[in-house]
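What follows is the residue order along each chain.
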Amino acid sequence: MKKDQSPNHNLDTDAPQDAGRRKFLTQTTAVAGLAGAGLTLGLAGCKDESAPAAGAPAAKTETHAAPAGHIKPGELDTYYGLWSGGHTGDMRILGFPSGREIHRIPCFTPDPLVGWGITNESKAIMGTKPDGSLKYTVGDSHHTHASYKDGNYDGRYAWINDKINARIARIRLDTFTCDKITEIPHVQGFHGIFPDKRDAVDPAINYTTRVFCGSEFHIPLVNDGKNMGDDSQYRALFSCVDAETMDVRWQVLIDGNCDLVATSFDGKLAASNQYNTENGQRFENMMSAERDACIFFNIARIEQAVKDGKFTTIGDSKIPLVDGTREANKNPATALTAYVSVPKNPHGVNASPDGKYFICAGKLSPTATVIELAKVLDWFDGKLPELDKSIVAEVELGLGPLHTAFDGRGNAYTTLFLDSQVVKWNVEAAIKFHSGDNTAKYVVDRLDVQYQPGHINASQSETMFADGKWLAVGCKFSKDRYLPVGPLHPENEQIVDISGDKMVLVADHPVRPEPHDFIIFKRDLVRTKQVYNMADFPNAVKNSSESGVFREGNKVTVKMTSQAPIFSLRDFNLKLGDEVTLILTNLDNIEDLTHGFAIEKYNINFIVNPQETASVTFKADKPGVFWCYCSHFCHALHLEMRSRMMVEA
Ligand code: CUK
Ligand code: CUA
Ligand code: CA
């Protein structure tokens, strides 16, 4: 029996177990197509009989024995990946091309690892009710994008959306932590986000100053329970959030809804695909029109309208609301918005790295629509009489096109949800084909993926520095790709080498459901702090000699420091009913030396990183001895690193 010699593998794995795994795969591949087949029901287009069933064995998939770019143990990845976390409401950080998950950044939901939603500092960011408890404890993050400068990521910020509670969170990329969360008013189903890539008004500002936010669901403009039966009162808005202050700068009243968002490299345009131009409030009504739209926003004109006071407000809100409806924007000379027609219920809009095109995927139509931005600007300038002439290609790609990535060599990569494929196609060839040149072959390659892909992105894809090296595909179904773990399957993230003409699948990794969008960028675009700066914490306990219990009536402040392997207070006394604020500063000034602080029976656990200060506020409502212990392994004497909280009856 041959043992696996690789240090990376479990040495107990031997032949019989491998055989069992193979048997499992053989049994399950036969039924793997079922979910895919069910999902095709009721969708437009018919399936090419020669194409494999959605979940069928991947006949065309090529794999490398030793994949190019394989990261060995101890080696660092060359790219960062920022991933949305889905229901868990966090952002996940992956290394690329290994696909290893390095970190999770809690944003919208509590996380006891770092004490997110437990410490006063994180609660202030997340938002609390008057009684001090968290306003929300669920999240649903879909889209994550980073700040730009000169057409590339600048390593300052990233943003992530929360669909459930219309929140947008900002991540500082020096500490990889969430530092602000804004709840966008007057919207539900907040979905796509995209930062501007430079300023539309001031050409000297070559970096991100705004983040645009699209909302899917219509609600009564004043949502106070009075107009719920009148569909004509239901509206969806497009919102602009200030990148620095995170305040909502303005909103746009539109016809139809929003979904994903894209922005142009010149800062002038933002757009959102609209699948519900019908303004339907019921399933059937959202699919009654043959074509929907991609709505364009003229950012400089909207900013000017706001400056000139040409806006209204909703209820007692102070946020300017400009009129972006079709009726009010017929005249190109003054229009704030433009509605480009695209086929039925599109999904996804992506900006090509050459700055020329936005690509809207068809979802219910087997096509992608290529819109030339210069022509949209021509329409606003009165030089293009028919707006829909900005469509320079509408080409068939396959069934269920959703999202598109780019390699910087003129090729686009679109996920085909129903076909379980990625199609690589050449944008200029598609334009030639659309203009009547039947010899133009725009489809370059197809790759079966496992299974039903949603989002896709390539290294540096939506920057001017798309490098065409790696592609990641977020597959919504993993079916037979992993050992079964009960009814809930992981999702399957796949890594594809796109450096050659043919796409080559190099790795799978399971992911906890359900991530959506992600970006991948070069590691040197980010500079992280490995140790906090104590001066950034106004409440820091700078020296262990400042420790102690400070009482004012029943308001008690406990000040403490940590320094491996001790807490400065071996014990501290409280009285039943005390309102306690405990402040802990980690004096250790060494990279990777984090301590935890867990209080038995008091529902408190958080960490302090090197030179970081965190605080918790709680009521001493149970008498007795409660050990406070370090919950983060830090030292050989980590188990002895404790403090004793004694609450007198
Ligand atoms: S949506 Cu998830 S597959 Cu929320 Cu970006 Cu398209
Ligand atoms: Cu300090 Cu473990
Ligand atoms: Ca529709």
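Scroll up to find the structure this text is about.
Predicted model, so just to flag it, every value in this text is computed and none were measured.

A. Expanded view of the sheet that holds strand β4 (residues 144-149). If you trace the 4 strands from one edge of the open sheet to the other, you get β4-β5-β6-β7, paired in antiparallel fashion. Edge positions in the sheet fall to β4 and β7 (177-183), since each has one partner strand and no second. Neighbouring strand axes in the sheet, compared pairwise and without regard to direction, differ in orientation by 30° on average. Examined bridge by bridge, β4 and strand β5 (residues 152-162) share 5 bridges and lie antiparallel to one another. Residue tyrosine 148 lies in a different strand from β5, and its bridge partner there is tyrosine 153.

B. Here's a closer look at the pairing of strand β23 (residues 401-406). In terms of burial, β23 is a largely internal element, 6 of the 6 residues being buried. Relative to strand β24 (residues 411-416), β23 runs antiparallel, the two being bridged by 4 bridges. Residue threonine 404 lies in a different strand from β24, and its bridge partner there is threonine 414. The turn linking β23 back onto β24 is made up of 4 residues, and glycine 408 within it adopts a positive phi angle of 80°.

C. Fine view of the coordination of the calcium ion (ligand 3). For the calcium ion (ligand 3), every protein donor is listed as Tyr275 (O), Glu278 (OE), Glu278 (OE), Met286 (O), Asp292 (OD), Asp292 (OD) and Asn345 (OD1), and the spread of their distances is 2.3 to 2.8 Å. Spacing between the donor residues of the calcium ion (ligand 3) along the chain follows Y-x2-E-x7-M-x5-D-x52-N. Taken as a pair, glutamate 278 in the loop between β15 (269-274) and β16 (291-298) and aspartate 292 in strand β16 lie far apart in primary sequence, 14 residues in all. Judged on exposure class, the residue glutamate 278 and its partner aspartate 292 are both buried.

D. Here's a closer look at the sheet that holds β15. Strands sit in the order β14-β15-β16-β18 across an open sheet of 4 strands; the sheet is antiparallel. For this open sheet the edge positions go to β14 (261-263) and β18 (337-343), each flanked by a neighbour on one side alone. With strand direction ignored, the average angle separating the axes of adjacent strands in the sheet is 25°. The pairing of β14 with β15 spans 3 bridges and is antiparallel. By the bridge assignment, alanine 262 is partnered in β15 with alanine 271. The strands touched by helix α4 (residues 299-307) within the sheet are β15 and β16, with β16 carrying the most contacts at an inclination of about 60°.

E. View of unusual backbone geometry. Tyrosine 451 follows glutamine 450 through a cis peptide bond whose omega is -10°. Residue placement: tyrosine 451 occurs in the loop between β26 (443-448) and β27 (453-458). In this structure, the amide linkage connecting alanine 564 to the following residue, proline 565, adopts the cis form with an omega of 0°. Along the polypeptide, proline 565 turns up in the loop between β33 (555-563) and β34 (566-567).

F. Spotlight on the pattern of salt bridges. One pass over the full model with this rule turns up 33 salt bridges. In this structure, glutamate 303 and arginine 249 form a salt bridge, with 3.3 Å as the shortest nitrogen-oxygen distance. Of this pair, glutamate 303 sits in helix α4 while arginine 249 sits in strand β13 (residues 248-253), and the two are 54 residues apart along the sequence. Taking the relative accessible area as the measure of exposure, glutamate 303 reaches 14% and is therefore buried. With a closest N to O distance of 3.6 Å, aspartate 407 and arginine 409 form a salt bridge. You can call aspartate 407 buried: its relative accessible area is 1%. Each of Asp196, Asp199, Arg210, Asp242, Arg249 and Glu303 takes part in a single network of salt bridges with overlapping partners.

Cut-offs and rules
- Residues numbered from 1 in each chain as written.
- Chains lettered and ligands numbered in written order.
- Predicted model: local features only at pLDDT ≥ 70, side-chain atom pairs only at ≥ 80, totals over all residues.
- Heavy atoms only, no water.
- Pairing = 2+ DSSP bridges.
- Helix = DSSP H or I, 4+ residues; strand = E, 2+ residues; numbered from the N terminus.
- Axes fitted to C-alpha atoms, helices over the stretch in contact; angles between N-to-C directions.
- Buried < 20%, exposed > 50% of the residue type's maximum accessible area, 1.4 Å probe, protein only.
- Donors = N, O, S within 2.8 Å, 3.2 Å for Na, K, Ca; no water.
- Contact = heavy atoms within 4.5 Å.
- Salt bridge = Lys/Arg side-chain N within 4 Å of Asp/Glu carboxyl O.

None of this, on its own, says anything about what the molecule does.
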